[in-house]
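# Observations on chain architecture
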Amino acid sequence: QVQLVESGGGVVQAGGSLRLSCAASGRAFSSLTTGWFRQAPGSDREFVAAIRRSVGSTDYADSVKGRFTISRDNAKNTVYLQMNSLKPEDTAVYYCAADPSFWISTPIWSNYNYWGRGTQVTVSS
C-alpha cells in the first residue's frame, strides 16, 4: 500500500514562494506517476502539475506554467512543488496523487490511485 504525506503549506504574501513536499512510503516515486492537484472552497479539484514515472517528463496547468516547478528526488523518495510568484488565486488545499501507470492522462484526478490528505496554501494580497 502506498501512503503519501504532503507538507510545506502555509501563509505567504502575494509574490512570495513556497515549496511543497510529498513523501511516499510503500513504493518508490520513480515507479509512480505523480501529480499535484488543488481545490479551493466551492471549486472543483484542479490539476496543477505532474511528473511521469521513470523518465521524469513533466506537465503543467497553463495557470501555473513559468511559476511552479515539479521535481523528484529519488534518493529521498520525495516529490516537490516549488511555487514562485504566488497569487491570491493560488489559495487552495494542495494534494499529492500517484499512480503506477506511465500512460495515464495526468490532468484527470480520477486516474490516480493514491492520494495524500492535503496541505493548505494561503496567499494573502
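Our subject is the structure that appears above.
### A few points about the overall build of the protein
When helices and strands are tallied, the protein shows zero helices and eleven strands. Counting helices and strands in the order they occur from the N terminus, the protein gives β-β-β-β-β-β-β-β-β-β-β. A compact globule built from 125 residues would reach a C-alpha radius of gyration of about 14 Å, and the protein, at 13 Å, matches this within 12%. Each principal axis of the C-alpha atoms in the protein carries an extent, and together these give about 40 × 25 × 25 Å. Among the 125 residues that make up the protein, the fraction classed as buried is 43%. Considering only contacts within the protein whose residues lie at least 6 apart along the sequence, 58% involve residues at least 24 apart. Looking at the protein as shown, the accessible area adds up to about 6,200 Å², and 46% of this sits on carbon and sulfur atoms. Where the 12 positive side-chain charges of the protein centre and where its 9 negative ones centre are 6 Å apart.

### Overview of the sheet that holds strand 7 (residues 68-73)
Strand-to-strand pairing in sheets goes through backbone hydrogen bonds, with the strands running parallel or antiparallel. The strand order across the open sheet built from four strands is 1-3-8-7, with neighbouring strands paired in antiparallel fashion. With one partner strand each, in any of the chains shown, strand 1 (3-7) and strand 7 form the two edges of the open sheet. On average, adjacent strands in this sheet sit at an angle of 15° to one another, irrespective of strand direction. Sheet topology places strand 7 next to strand 8 (residues 78-83); six bridges connect them, and they run antiparallel. By the bridge assignment, phenylalanine 68 is partnered in strand 8 with methionine 83.

### A short note on the pattern of salt bridges
Per the stated rule, a full pass over the model turns up four salt bridges. Notably, a salt bridge pairs arginine 38 with aspartate 90, separated by 2.9 Å at the nearest N-O pair. On the criterion of sequence distance, the pair formed by arginine 38 in strand 4 (residues 33-39) and aspartate 90 in the loop between strand 8 and strand 9 (92-99) is long-range, its members being 52 residues apart. There is no split in this pair, since arginine 38 and aspartate 90 are both buried. Between arginine 67 and aspartate 90 there is a salt bridge; the shortest N-O distance is 2.8 Å. Here the residue arginine 67 occupies a position in the loop between strand 6 (58-60) and strand 7, and aspartate 90 occupies one in the loop between strand 8 and strand 9, the gap between them amounting to 23 residues.

Criteria and cut-off values
- Residues numbered from 1 in each chain as written.
- Predicted model: local features only at pLDDT ≥ 70, side-chain atom pairs only at ≥ 80, totals over all residues.
- Heavy atoms only, no water.
- Helix = DSSP H or I, 4+ residues; strand = E, 2+ residues; numbered from the N terminus.
- Rg over C-alpha atoms; globule rule 2.2 N^0.38 Å.
- Buried < 20%, exposed > 50% of the residue type's maximum accessible area, 1.4 Å probe, protein only.
- Contact = heavy atoms within 4.5 Å.
- Areas by Shrake-Rupley, 256 points an atom, 1.4 Å probe, with all protein chains shown as cover.
- Lys, Arg positive; Asp, Glu negative; His and termini not counted.
- Charge placed at Lys NZ, Arg CZ, Asp CG, Glu CD.
- Pairing = 2+ DSSP bridges.
- Axes fitted to C-alpha atoms, helices over the stretch in contact; angles between N-to-C directions.
- Salt bridge = Lys/Arg side-chain N within 4 Å of Asp/Glu carboxyl O.

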